[in-house]
Amino acid sequence: MFDSERHCMPRSWALSSRTGPAPHLSDAGTLVAMDARVVELGNGVFAFRYAFFDQTIGLVVGDDGCLVLDTRTLPSQARELQEDVRRITPLPWVVLNTHHHFDHTFGNANFLPARILGHTRCATTLLELGEDMRERVAANMPDIAGELRDVRIVPPGETFGESVVLELGGRRMDLRHLGLGHTDNDVVAVVPDAGIVFAGDLVEQGAPPSFGDSFPLDWPDTDRRLLELGAGTIVPGHGEVVDRGFVERQRDQLEAAAVAARGAFADGLHAEVAARRMPFPPTSSRVCAERAYAQLAGVPGAG
Ligand SMILES: [Zn+2]
């Protein structure tokens, strides 16, 4: 399900509006569009930034189509994203869900009849737990509860377990599941000709990693495989675009957390002790420790 740390305590609860000035290109090539900001990371590769959950949405434009990476939460947010995409390209879109969390998938219905790709477990988890996510988000965020009821939960219709190659007319993208991490269905999108990888919530900038559905013992190795892809620019699911050094440091923190959990568990200590040895804020560390202990105890579904 969704991660209560970030999703219940977003840094910004403000929904975006369309009342500001028209978008314009700054000297740095940054498109400023009211509260949404679009950064061109490479030729035809973009990152949209939205205040809601500090979310980062990707766009890759090929010769005869474009890939939109994640679809936001509410129908109005999905429409805003579509408008932002249409400012850049009129080409038909294909969607990738980087994982099943509501803020990445609840806008899917707005993109139909487009192809929607995702990991097999992204689809099954959305079908199984989507309504539960809706209820929990509505309970935690009463200001959007009304519009949440309008969301039609649509799982990805084209699923894969390990990897798939997506061709968008002269442009190849590798969509890959690198292992357990933020969830059990994280998918990254590699744009080889641009040296860019969209990491979903395997990488978090501006907030600690979100551990609610995570697999802390596996996450460091999954991030190691992410780094082995060789990309110099990594686009997180939330926050600013980062470089390899940032991901290496976050991977090291995740490794330290896993080591703390393994050590404390082996010594028969409470998960709270493990949490205090982790390099994250207390709330995050507590959830991380609980998830790691569930894995170490062999709890079904905990990896
Ligand atoms: Zn997530």
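Scoring rules and cut-offs
Residues numbered from 1 in each chain as written. Predicted model: local features only at pLDDT ≥ 70, side-chain atom pairs only at ≥ 80, totals over all residues. Helix = DSSP H or I, 4+ residues; strand = E, 2+ residues; numbered from the N terminus. Buried ≥ 20, exposed ≤ 12 C-beta atoms within 10 Å, placed from the backbone. Contact = placed C-beta atoms within 7 Å. pLDDT = per-residue confidence, 0-100. Expected span 1.5 Å × (residues − 1). Arc of directions from axis to C-beta. Axes fitted to C-alpha atoms, helices over the stretch in contact; angles between N-to-C directions. Parallel < 35°, antiparallel > 145°, perpendicular 65-115°, else oblique. Left-handed = near helix turned anticlockwise from the far one by under 90°. Pairing = 2+ DSSP bridges.

### Details of the overall build of the chain
Moving on, step 1. Of regular secondary structure, the chain possesses 10 helices and 15 strands.
Moving on, step 2. Counting only residues that meet the buried cut, the chain has 47% of its 303 residues in that class.
Moving on, step 3. Taking the intrachain contacts of the chain between residues at least 6 apart in sequence as the baseline, contacts between residues at least 24 apart amount to 65%.

### Some remarks on the confidence of the model for the chain
Moving on, step 1. Here the chain shows a mean pLDDT of 89. Residues at 70 or above account for 87%.
Moving on, step 2. When the criterion is pLDDT under 50, residues 1–35 qualifies, and its contacts beyond four places in sequence or with other chains add up to 66 contacts.

### Looking at helix α2 (residues 75–86)
Moving on, step 1. The terminal C-alpha atoms of α2, which comprises 12 residues, lie 16 Å apart, in line with the 16 Å expected from a rise of 1.5 Å per residue.
Moving on, step 2. Three or more residues of α2 are buried, namely Gln77, Ala78, Glu80, Leu81, Asp84 and Val85. Summarising the axial view, the buried residues of α2 lie within an arc of 160°, below the 170-degree limit, and thus occupy one face. Exposed side of α2, more than 90 degrees from the buried face: Glu83 and Arg86 are the residues found there.

### Notes on the packing of helix α7 (residues 219–228) against helix α8 (residues 244–266)
Moving on, step 1. It is the contact of α7 with α8, at a shortest axis distance of 8 Å, that shows an interaxial angle of 160°. With respect to α8, the axis of α7 lies roughly antiparallel. Seen from above, α7 lies across α8 with left-handed handedness. Between α7, through Trp219, Pro220, Asp223, Arg224, Leu226 and Leu227, and α8, the contact on the second element is made entirely by Arg244, Val247, Glu248, Gln250, Arg251, Leu254, Glu255 and Ala258.

### Some thoughts on the pairing of strand β5 (residues 55–61)
Moving on, step 1. Across the seven residues that make up β5, a large majority, seven, are buried.
Moving on, step 2. Neither face of β5 is exposed, since Gln55, Ile57, Leu59 and Val61 on one face and Thr56, Gly58 and Val60 on the opposite face are all buried.
Moving on, step 3. With antiparallel pairing between neighbouring strands as the criterion, strand β4 (residues 45–50) and β5 make up a hairpin whose turn holds four residues, including Phe53 at a positive phi of roughly 60°.
Moving on, step 4. Remark: four residues form the turn of the hairpin made by β5 and strand β6 (residues 66–69), two consecutive strands paired antiparallel.

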